[in-house]
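Okay, here's what each chain looks like letter by letter:
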Amino acid sequence: EYTGLTADDLRTLIRAGRLAGVRTVSLDGPVGDAGASALAEAPTAAALRTLHLRGSRIGPAGGAALAASGYLADVTALHLRGHALDEGFAALCG
């Protein structure tokens with residue numbers, strides 16, 4: 001579990017390979033659309049099956065990036081907490 005994350009923090013975790021081989025991760029913090037896009041573009045996130053997002057302030061662009069990500073195609077459980085569901089997250093259900 002990673003708490004208090006910003007987009008820059010998430011990018012640092014990705015670059016450091018901290019998500020490589022991880023099947024379940026909890027991300028808590030305002031990563032926003034930039035962080036969601038970084039996660040969506042991360043080959044090291046390909047093993048993820050369960051993704052917990054709390055208070056991440058991801059909007060339509062970030063939700064769409066997560067939904068379109070080939071690296072996150074095997075995520076079977078997405079847990080959202082503290083989000084105002086909008087069209088970005090509707091894309092994840094799409």
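Note: the structure precedes this text.
On a predicted model such as this, the values are computed, not experimentally measured, just so you know.

## Some details on the overall build of the protein
Moving on, step 1. Tallying secondary structure elements over the protein gives 4 helices and 4 strands in all.
Moving on, step 2. Ordering the α and β elements of the protein from the N terminus gives β-α-β-α-β-α-β-α.
Moving on, step 3. Every one of the 94 residues in the protein was classed for burial, and the buried ones make up 40%.
Moving on, step 4. Taking as baseline every contact in the protein between residues at least 6 positions apart, the subset at least 24 positions apart corresponds to 82%.
Moving on, step 5. A total accessible area of about 4800 Å² is found for the protein, and carbon and sulfur atoms account for 51% of it.

## A few points about the pairing of strand S4 (residues 77-81)
Moving on, step 1. Pairing of strand S3 (residues 50-54) with S4 involves 5 bridges; the strand directions are parallel. The partner of threonine 50 across the bridge, within S4, is alanine 77.

## A look at the packing of helix H1 (residues 7-15) against helix H2 (residues 32-40)
Moving on, step 1. In contact at an axis separation of 8 Å, H1 and H2 are set at 15° when each is read in the N-to-C sense. The orientation of H1 with respect to H2, classified from their angle, is roughly parallel. Where H1 crosses over H2, the two elements pack in a sense that is left-handed. The segment H1 lies against H2, with Ala7, Leu10, Arg11 and Ile14 engaging Ala34, Gly35, Ala38 and Leu39.
Moving on, step 2. By residue class, the composition of the contact of H1 with H2 is 6 nonpolar, 1 polar and 1 charged.

## Thoughts on the pattern of salt bridges
Moving on, step 1. Scanning the model with the defined rule gives 3 salt bridges in all.
Moving on, step 2. Of the charged contacts in the structure, one is a salt bridge between aspartate 8 and arginine 11, with a shortest N-O distance of 2.5 Å. Residue aspartate 8 and its partner arginine 11 are both found in helix H1; the two are separated by 3 residues, about one turn of the helix.
Moving on, step 3. A relative accessible area of 53% means that aspartate 8 is categorised as exposed.
Moving on, step 4. Among the residues examined, arginine 11 registers a relative accessible area of 28% and is labelled partly exposed.

## Quick word on the nonpolar core
Moving on, step 1. Counting residues in hydrophobic clusters, the biggest one holds 21 residues, and the most contacted among them are Leu10, Leu27, Leu39 and Leu66.
Moving on, step 2. If you list the elements that add at least two residues to this core, you get H1, strand S2 (24-28), H2, S3 and helix H3 (60-68).
Moving on, step 3. At 4 residues, the largest contribution of residues to this core is made by H2.
Moving on, step 4. In contact with leucine 39, other than residues within four places in its own chain, are Leu10, Ile14, Leu19, Leu27, Ala45, Leu48, Leu51, Leu66 and Leu72.

## Here's the deal with the sheet that holds S4
Moving on, step 1. The sheet built from 4 strands is open, its strands ordered S1-S2-S3-S4 with parallel pairing. The sheet terminates laterally at strand S1 (2-3) and S4, the two strands that pair on one side only.
Moving on, step 2. The sheet contact formed by S1 and S2 spans 2 bridges and is parallel. Within the sheet, the bridge partner assigned to tyrosine 2 lies in S2 and is leucine 27.

The rules behind the values
Residues numbered from 1 in each chain as written. Predicted model: local features only at pLDDT ≥ 70, side-chain atom pairs only at ≥ 80, totals over all residues. Heavy atoms only, no water. Helix = DSSP H or I, 4+ residues; strand = E, 2+ residues; numbered from the N terminus. Buried < 20%, exposed > 50% of the residue type's maximum accessible area, 1.4 Å probe, protein only. Contact = heavy atoms within 4.5 Å. Areas by Shrake-Rupley, 256 points an atom, 1.4 Å probe, with all protein chains shown as cover. Pairing = 2+ DSSP bridges. Axes fitted to C-alpha atoms, helices over the stretch in contact; angles between N-to-C directions. Parallel < 35°, antiparallel > 145°, perpendicular 65-115°, else oblique. Left-handed = near helix turned anticlockwise from the far one by under 90°. Nonpolar A, V, L, I, M, F, W, Y, C, P; charged D, E, K, R; others polar. Salt bridge = Lys/Arg side-chain N within 4 Å of Asp/Glu carboxyl O. Core = buried A, V, L, I, M, F, W, Y, C linked by side-chain atoms within 4.5 Å.

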